[in-house]
Amino acid sequence: MEFLRHSPRLRSDSMSSSASQSSRKSQRSKVVLRQRLTHLLTCVEDMSSDDEAGEEVSRTLDEAFHLCGGYVPTDAFRLHMVTWNVATAEPPEDVASLMQLDVQPPTDIYVIGLQEVNATPVRFISDLLVEDSWSHVFMETLAPRGFVKVTSVRMQGLLLLVFAKQMHLPFIRNIQTTYTRTGIFGYWGNKGGVSVRFSFYGHMVCFLNCHLAAHMNYALQRVDEIEHILEKQDFDITDTPHVRDHKVVFWFGDLNFRIADHGLHFLRSSINSERLNLLWSKDQLTMMKKNEPFLQEFEEGPLNFKPTYKFNRNSDTYDTSGKKRKPAWTDRILWRIKPKTLPSEDDDDKASISTVDETEEYPLLVIQDKYTCDMSYGVSDHKPVIATFSLELKKCYDTPQVHVSPLGVWCADHDALLTYTVQEDFMSSTWDWIGLYKVGFKSASDYETFVWVREEELPEINEVIQISMDKDEIPLLGGQFVLGYYSTNMQSIIGFSANFQILESKRAVMEGLVPENINGLK
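Residues numbered from 1 in each chain as written. Predicted model: local features only at pLDDT ≥ 70, side-chain atom pairs only at ≥ 80, totals over all residues. Heavy atoms only, no water.

As recorded in an unreviewed UniProt entry, the protein chain goes by Inositol polyphosphate 5-phosphatase K isoform X1 and comes from Gymnodraco acuticeps. In UniProt, the protein chain has this text filed under Sequence similarities (unreviewed entry): "Belongs to the inositol 1,4,5-trisphosphate 5-phosphatase type II family." (UniProt positions renumbered as here; feature names shortened; annotations may be inferred.)

Student: Sorry if this is basic, but what is going on with the pairing of strand 9 (residues 331–337) here?
Tutor: Across a regular strand the side chains alternate sides, sitting on one face of the sheet and then on the other. The buried fraction of strand 9 amounts to seven of the seven residues, a majority that puts the element mostly inside the structure. In strand 9, alternate side chains face the same way, and those of Asp 331, Ile 333, Trp 335 and Ile 337 on one face and Arg 332, Leu 334 and Arg 336 on the other are all buried. As paired elements, strand 8 (residues 248–254) and strand 9 share seven bridges and run antiparallel to each other. Across the sheet, residue Val 249 finds its bridge partner in strand 9, namely Arg 336. (Buried < 20%, exposed > 50% of the residue type's maximum accessible area, 1.4 Å probe, protein only. Helix = DSSP H or I, 4+ residues; strand = E, 2+ residues; numbered from the N terminus. Pairing = 2+ DSSP bridges.)

Student: Please explain the pattern of salt bridges as it appears in this structure.
Tutor: Pairing between side chains becomes possible if they bear opposite charge and their charged atoms approach one another. By the definition in use, this model includes 13 salt bridges. Note that Lys 149 and Glu 131 form a salt bridge whose closest N and O atoms lie 3.1 Å from each other. Placement of Lys 149 in strand 3 (residues 147–155) and of Glu 131 in the loop between helix 4 (121–129) and helix 5 (133–142) is noted, with a sequence separation of 18 residues between them. On the basis of relative accessible area, Glu 131 is assigned to the partly exposed category, the value being 39%. Note that Arg 332 is salt-bridged to Asp 283, the shortest N-O span being 2.9 Å. One end of the pair, Arg 332, is in strand 9; the other, Asp 283, is in the loop between helix 8 (277–280) and helix 9 (284–289), with 49 residues separating them in the sequence. Since its relative accessible area comes to 0%, Asp 283 is described here as buried. By sharing partners, the salt bridges in this structure join Asp 283, Glu 300 and Arg 332 into a single network. (Salt bridge = Lys/Arg side-chain N within 4 Å of Asp/Glu carboxyl O.)

Student: Looking at this structure, I do not really get the packing of aromatic side chains. What am I missing?
Tutor: Think of a pair of aromatic rings as described by two things: how far the centres are apart, and how the planes are tilted against each other in angle. Tallying each qualifying case throughout the model produces 27 aromatic pairs. Note on Trp 431 and Trp 452: the rings are 5.6 Å apart at their centroids and 85° apart in plane angle, and the pair reads as edge-to-face. With Trp 431 in the loop between strand 14 (416–422) and strand 15 (433–438) and Trp 452 in strand 16 (residues 449–452), the pair connects residues that are 21 residues apart, well separated along the chain. On the basis of relative accessible area, Trp 431 is assigned to the exposed category, the value being 58%. The exposure class of Trp 452 is partly exposed, given its relative accessible area of 37%. Here Tyr 437 and Tyr 447 contribute two aromatic rings whose centre-to-centre distance is 6.5 Å and whose plane-to-plane angle is 80°, an arrangement assigned as edge-to-face. Placement of the pair is Tyr 437 in strand 15 and Tyr 447 in the loop between strand 15 and strand 16, with a sequence separation of ten residues. Judged by its relative accessible area of 33%, Tyr 447 falls in the partly exposed class. The structure contains a cluster of three or more aromatic residues connected by ring pairs, namely Trp 431, Trp 433, Tyr 437, Phe 441, Tyr 447, Phe 450, Trp 452, Tyr 486 and Phe 496. Between Arg 173 and the ring centre of Tyr 397, over which it is positioned, the NZ or CZ distance is 4.0 Å. (Phe/Tyr/Trp six-rings, centres within 6.5 Å; stacked < 30°, edge-to-face > 60°. Lys NZ or Arg CZ within 6 Å of the ring centre and 35° of its normal.)

Student: Would you take a moment to explain the sheet that holds strand 14 for this structure?
Tutor: Adjacent strands of a sheet pair through backbone hydrogen bonds, lying either parallel or antiparallel. Reading across from one edge, 12-14-17 is the order of the three strands in this open sheet, with antiparallel pairing throughout. Single-partner strands in this sheet number two, and they are strand 12 (402–407) and strand 17 (464–469). The average angle at which neighbouring strand axes cross in this sheet is 25°, direction not considered. In the sheet, strand 14 pairs with strand 17 via six bridges, with the strands oriented antiparallel. If you follow Leu 418 over to strand 17, its bridge partner there is Ile 467. (Axes fitted to C-alpha atoms, helices over the stretch in contact; angles between N-to-C directions.)

Here it is as structure tokens:
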């Protein structure tokens, strides 16, 4: 197979490598400077308008900001990513610390990539019928915090989950998933990659979760596999048909790169003495990036956390079995900003860097805030790796495509009315529907009931359309609910109502769902 051939690799001399590193340091310095200037400008904006000194400082800072080639982002979003080889284990009871639920600023999107989820034939079939245990524990943890599962994709033991705050769902569009097998000559899915792509406020992003070939001697095969995955995966989207066409790509998973040359004693001594920097130069992924232009397009934060493989289960002790596997940073999270021009095969000095095209009308900046592992989890022989990012961007749009609204008082004692209005043109369908969701719902399919949209004809822009919901479909006990318009073509909820109250039905008492209240006594 193509991805198994160890093709000759393009080599770059030490001068070009040094120049590339210098360029990256310069860009990181610019990012830090932009952040500081943005903060100062924000502080100055809080000063009174008649403060001449404040205006002068503001003008000076603004000039300095533009001189450094930056811009003031209109919005910033927090992305929390996790990669974890769970080694067929069942999930722990509590994943709250892994999600860092109370972090400030609060998270907007969670992306969770798992490898080696239990995929025995019986278990895999049962997971197709009901939600797998890992998806369940993450949904149960995140739904009460207002997060909804956007989508998921699974290929045997590989699982990729995406959650977002409900307020962002109408602006996460054109969701597609795909997968690529690389195990057993490309016919088996125990190794490979699964990906999710979507438009986030108009910016094309892609998340690629991989599990590559294992063992020390297969570094070149791992490079061939990821190159094959990047070339093979495609989407039914005109402007981003391939992974690397997206503005931002996050590549993560159990990439299985090891630490070469060093013996077990030196590795453990360096780790125990917290001299991790002694190991960086022999990390296989770091070494491969020096020779691979397509890998140089991917950025990664410093490896300032312990190697995450291989541990005795339920402990912080590295492998003491007979095999005594060497510790390694097998679990990684990298990202790539689409370069202005893709490098040619004859030019290996044009690797992408995480910067911004200042001439772009809708720029996007990716800043990594944290890159670490969580040593508190021991169900697997791998420790989970966490990365958090700030996505600073200018929105391409901020109006939901559909507006939904309940009319009047809702109660199961009578039919209810609602209206919906198409605010922007999109590929609507008579198979679209409007779901009634209890506040804190877990996914688009977690509705109480639904009604089809108007069947006779497709709506006009700004046309107010009224439909009714049968009283027998409305929850008897009432509570806080929200209406959501689901687009079949876009595979997502593209518009919500505001939260509203459904009153408790008189039938609830008659059917014994609640005790009858007589003279204030139940």
